[in-house]
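Inside the fold
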Amino acid sequence: MSATPDRADPAAKDSATAESAAVDPTAVDPTAVDPTAVDPTAVDPTAADPTTVDRSTVDRSAVRAPHRSPSGAVSWVWIRLRTAPTAAAALALLVLALSLLAAAVPRAVDRYGDTALRRELSERGPLVRSIDATAAPGAAQNLDAGQIGQAISPSQLAAVERTLRAAAGPPLRIDPAAVSYGVSTTSPHLTLRDPGLPVIDGPPPVITLDWQQDQAAHVRVIAGRRPQAAAFTGSAGTPTVMVEAMVGQATADLLGVHPGSVLHARAGQETPLLVRITGVYSARSAADPYWSFQQTLLQPDRESTPPPDRTRYWHVEVLVGDQAPAVLPFLGPVDIYWHHPLLPGGLPAHRVAEAQQRLRDLVSGQTGSELADSSAIPGGVAVSSPLESLLAAFEQERGALASLLAVAGAGLAGVAVAVLLTAAALNADRRSMELSLLRARGAALSTLMGLLAAETAAVAVPAGAAGCGLALLLLPTGRAAVAVAAAAAATALVVLTVPLYAVLRHRRAAPGGARRDPSWAPPTRRRTVVDLAVLVAAAAAVAALRGRGVVGGTGVDPLISSAPPLLGLAGARLLARVQPWLLRLPARAAARGRGAVAFLGLTRGDRSAGPAALLAMLLALTVAVFGATVLDGVAAGRAAAALAKVGADARVESDAELPPVLDQEIRALPGAHSAVQVRVQRGLTFSLAGTESTEFALVVVDPATYARLSATTGIGRFDPALLAPGRDSEAGVPALASPDIAGILSGGGGGGGAPPRLGSLYGTFGLRYAGTIGDTPAVHRGEQFLVVPLTAVRTEWAHSTSAAFPGPDLNLLTGAVDGAALRRAVDRAVQQTPGTEPVAVSVRSEVRTALERAPQQQGATALYLAAVVAAALLSVVAVLLSLARTSPERSALLVGLRTLGMTSRQRRLLVLLETLPQVLLAALAGTLLGVAAGPVLGPALDLAELAGTAAPTALRIHAGAVLLPAAGLLAAAVAALAAEIAVTGRRRVAAQLRAGGE
């Protein structure tokens, strides 16, 4: 301060006294510093300027820096929190947000993985998520039927089940309610011999006898009673096995049996079987997993003999009592089974690798060998599980998605660090005078670091714990250690960064404090080296990514993950270099103008650029804009995949002709614009000049309507004139071919020979090459095809036969077609046409919805969107911190100019010209970097896994999504400045001058 004490305003003296008490811990703790330290006679007056102090003459016992005694540190913290409660509250909110974010990321990743795996296991059903064990004792063990029967008693099977469940072990959690085990006959020749039984193609029904545990808990007896007895009857020379059984309601209706009925069966030369029906049952719950593995117990099944006969017959299955397992081996081979489905939500995603290892051990490892050598069941027990392939596919897909999510995570972490540096810079500016005074009085850097760290920790640790607890509460998952460690790391980073940033600026004591932002000073050599290193690292990452292309495999790729943050950091360093020059250009132009407001605002903007805030804004916008391109690319990829799969807005197809009335039903649907009938036959080939074509699909269409459909969908556009009949009828039917077929068909077209002839369901005719198209709506992407005109093919048909021409088997619809209404129309048409083959209906909107709701893709997309939103919000925080950093100085200037007669309009213009150019440059640079990240990462990034499609999916730039983050940033800056101007304008001039003067 330039004013001498005797000329200072009394109010200013009181303010200075209060400020001295606030910054000097000795004001409240005389034991922390020697009382002589404040005696002007004990220290040379020049001690305030270290550059003029003769250190050899200073009594070091009289001038002692604050030392970190427990009471001194506590007093320091208490005084600082009471003096600046607003700053402490702001720091607490920042730490709360950062710790919440740090803890929420791993929790959200765990939740997304756990939810996806639970949905995957639930939707696949018990058959897929089961650990299965089987045993088939027989001749290989030199056992007769009686010995096998003794070894497979219900109690023995229960003992093996307990062993298998214990062998599974964590992390595999068995669903006790879904466990089923039992024994059944396996002979396909155990046929029923009773007259009057239903048949399909001639063979009599085949019966399977099944004993399954705990029948009473899952069966509701409708008539009769549960079975009990099983014994041998007849003479010793010709024994007959008599077994009591109960049948399901559907089986009883099919066979026409009831309690008291007797069925006779025999398998070749095996012992005859007599089945006495004791009851009819139904399932207590059709969704009970108990029935998942033996569904024939509830519903008879149609089966067929092996080729070439393929004659169909009925297969029925009945439940037998507890005495039956002892006699079942006399009827032929038996199958002993144990099924152990997992709990759908019992396996957390982060333990999938451990579960895979456990499954391998059960199936082919040491545990599996022990079970196979077990003497509990003759021949041992063999374990298998379809869960192995499901978990392998899940882990592969999850690893591929992890590399994409890591891009968002790395960018978000960089933005958070940049925001923290901005807050640390704000704190360092606020404490600059105070720390300069303490340094001038001899305080050591280590002492200041300890005191500031204690002060920061007093605020940060409770706030970090609150943020971590909030994340644990809002995002419940199975594990908390990773989230707690992440929140603790974020809190520790704040506790170290904030005081370190402030202390490092005072490595050399200087009167008046260090300059806040030497943007007008020439760059130092160290800064130049750092800038060059960042630029080289970013260029090397870009070159490596573009040179290597998409890399197979799974897992996080550090090079891809670090690319957007590196681009943002390089852009920030470069912009920090050129921003002063860019801002000086309009300032020089304003200097030639008449008014001083524009010149003053632009000049101050040049000198108030904050590098930390600039880095935060650029990183945040880079991540947000790049994330927007990723999400747009994913949405476009899903839309393209749905269209490629359906070929139109809706698709109705059958393996045979569609019902004739279906076309009328479809055209009557609301929202259906057009319905194109198509005939498709797959698996065809032709030969030309000794070259055999690959298999392809023949597509018979009306050229005009099909060309309009292709133009509407954008799939395989063509000119219908290409399929117009030629003048020479002997030249063949014109055909548009896929690229592979076109290479053969066009290759022989110039030889002058006869065109190749194609035999199909629609007659035999010659082919004339008319053109090549890459895709067509009637077939799926990747299929080879020929598109021929309906009129020409029908003419060839009429020349060769008088039979009716086959009807269409495919109908492609355009328009806003409702899937449920379309299926009802198809059902009505099928009911009106007896003997119609099953008709499949697919709707493009439903296919796209299914892609969006795929378990892993839905969770990963939501996480990526959350990361983009968080980065955008952090960019707003960075802007607010940057404005808060310069707010005291700006407020003082505005009040001073107000006293000089500047109008409110001029003050608003001054503030906007001082601040908005920096924000505008940062928004523009961040947007351009985010857009540039797309071409940079494009060759190495395939969004197919995130989109849930098989076809490669690229990034996509949408203007609205790209410009939205920058627009939000500018809007936040304008709103903050408007609020600051409004608050400043309402305060009294004297109070503002006292608060803003330094």
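Below: a short report on this structure.

Conventions adopted
Residues numbered from 1 in each chain as written. Predicted model: local features only at pLDDT ≥ 70, side-chain atom pairs only at ≥ 80, totals over all residues. Heavy atoms only, no water. Buried < 20%, exposed > 50% of the residue type's maximum accessible area, 1.4 Å probe, protein only. Helix = DSSP H or I, 4+ residues; strand = E, 2+ residues; numbered from the N terminus. Pairing = 2+ DSSP bridges. Phe/Tyr/Trp six-rings, centres within 6.5 Å; stacked < 30°, edge-to-face > 60°. Expected span 1.5 Å × (residues − 1). Bend = angle between axes of the 7 residues up to and from the residue. Polar contact = N/O pair within 3.5 Å; in protein donor to acceptor, adjacent residues only side chain to side chain. Contact = heavy atoms within 4.5 Å. 1 Å grid on protein atoms, 1.4 Å probe; cavity = no way out; pocket = protein on both sides within 12 Å on 5 of 7 lines; lining within 4 Å. Points joined across faces, edges and corners; volume = space filled by probe spheres on them. Nonpolar A, V, L, I, M, F, W, Y, C, P; charged D, E, K, R; others polar. Axes fitted to C-alpha atoms, helices over the stretch in contact; angles between N-to-C directions. Parallel < 35°, antiparallel > 145°, perpendicular 65-115°, else oblique. Left-handed = near helix turned anticlockwise from the far one by under 90°.

Here strand 8 (residues 262-266) shows a clear split, with Leu 263 and Ala 265 buried on one side and none of Val 262, His 264 and Arg 266 buried on the other. Relative to strand 8, strand 3 (residues 191-192) runs antiparallel, the two sharing two bridges. Along strand 8, the bridge assignment pairs Thr 191 with Arg 266. The pairing of strand 8 with strand 9 (residues 273-283) spans four bridges and is classified as antiparallel. Bridge pairing in strand 9 places His 264 opposite Leu 274.

Enumeration over the complete set of coordinates arrives at seven aromatic pairs. Where Tyr 281 meets Trp 291, the ring centres are 6.1 Å apart and the plane angle is 10 degrees; that geometry is what we call stacked. Of this pair, Tyr 281 sits in strand 9 while Trp 291 sits in the loop between strand 9 and strand 10 (301-304); the two residues are 10 residues apart in sequence, bridging distant segments of the chain. By relative accessible area, Tyr 281 is classed as buried at 0%. Look at Trp 291 and you get buried, because its relative accessible area is 2%. With a centroid separation of 5.8 Å and 70 degrees between ring planes, the pair formed by Phe 686 and Phe 696 is classed as edge-to-face. On the criterion of sequence distance, the pair formed by Phe 686 in the loop between strand 15 (672-684) and strand 16 (687-688) and Phe 696 in strand 18 (residues 696-701) is long-range, its members being 10 residues apart. You can call Phe 696 buried: its relative accessible area is 2%. Grouped by ring-pair contacts, the aromatic residues Tyr 281, Tyr 290 and Trp 291 constitute a single cluster.

For the rest of this paragraph, the subject is helix 11 (residues 445-474). With 30 residues, helix 11 should reach 44 Å at 1.5 Å per residue; the first-to-last C-alpha distance of 41 Å fits that figure. Ala 457 marks the point of greatest bend in helix 11, at about 35 degrees.

With respect to the secondary-structure elements, His 340 resides in strand 12 (residues 334-341). There is a polar contact of 3.0 Å between the side chain of His 340 and the side chain of Glu 161. If we ignore the near neighbours within four places in the chain, the residues touching His 340 are Arg 129, Ser 130, Ile 131, Asp 132, Glu 161, Leu 164, Arg 165, Ile 174 and Val 179.

So, about empty space enclosed by the protein. Any space left empty among the atoms is revealed by the rolling of a water-sized probe across them. Enumeration according to the criterion identifies six cavities of 30 Å³ or more in this entry. Computed from the structure, the largest cavity encloses a volume of approximately 90 Å³. Taken together, 11 residues form the lining of the largest cavity, with Ser 882, Leu 883, Thr 886, Thr 915 and Gln 918 sitting closest to its centre. When residues of the lining of the largest cavity are traced back to their parent elements, those giving at least two are helix 23 (855-899) and helix 24 (904-937). The class makeup of the residues in the lining of the largest cavity is four nonpolar, five polar and two charged.

With that settled, the discussion passes to the packing of helix 3 (residues 85-124) against helix 12 (residues 481-504). Two elements in contact, helix 3 and helix 12, have axes whose closest approach is 8 Å; the angle formed by their N-to-C orientations is 150 degrees. Between helix 3 and helix 12, the crossing angle belongs to the class labelled roughly antiparallel. At the point where helix 3 passes helix 12, the crossing takes the right-handed sense. Two secondary-structure elements touch here, helix 3 through Leu 91, Val 95, Leu 98, Ser 99, Ala 102, Ala 103, Pro 106 and Arg 107 and helix 12 through Val 482, Ala 483, Ala 486, Ala 487, Ala 490, Thr 491, Val 494 and Val 498. Classifying every residue of the contact of helix 3 with helix 12 by side-chain character gives 13 nonpolar, two polar and one charged.

By themselves, these are just geometric observations and shouldn't be taken as functional.
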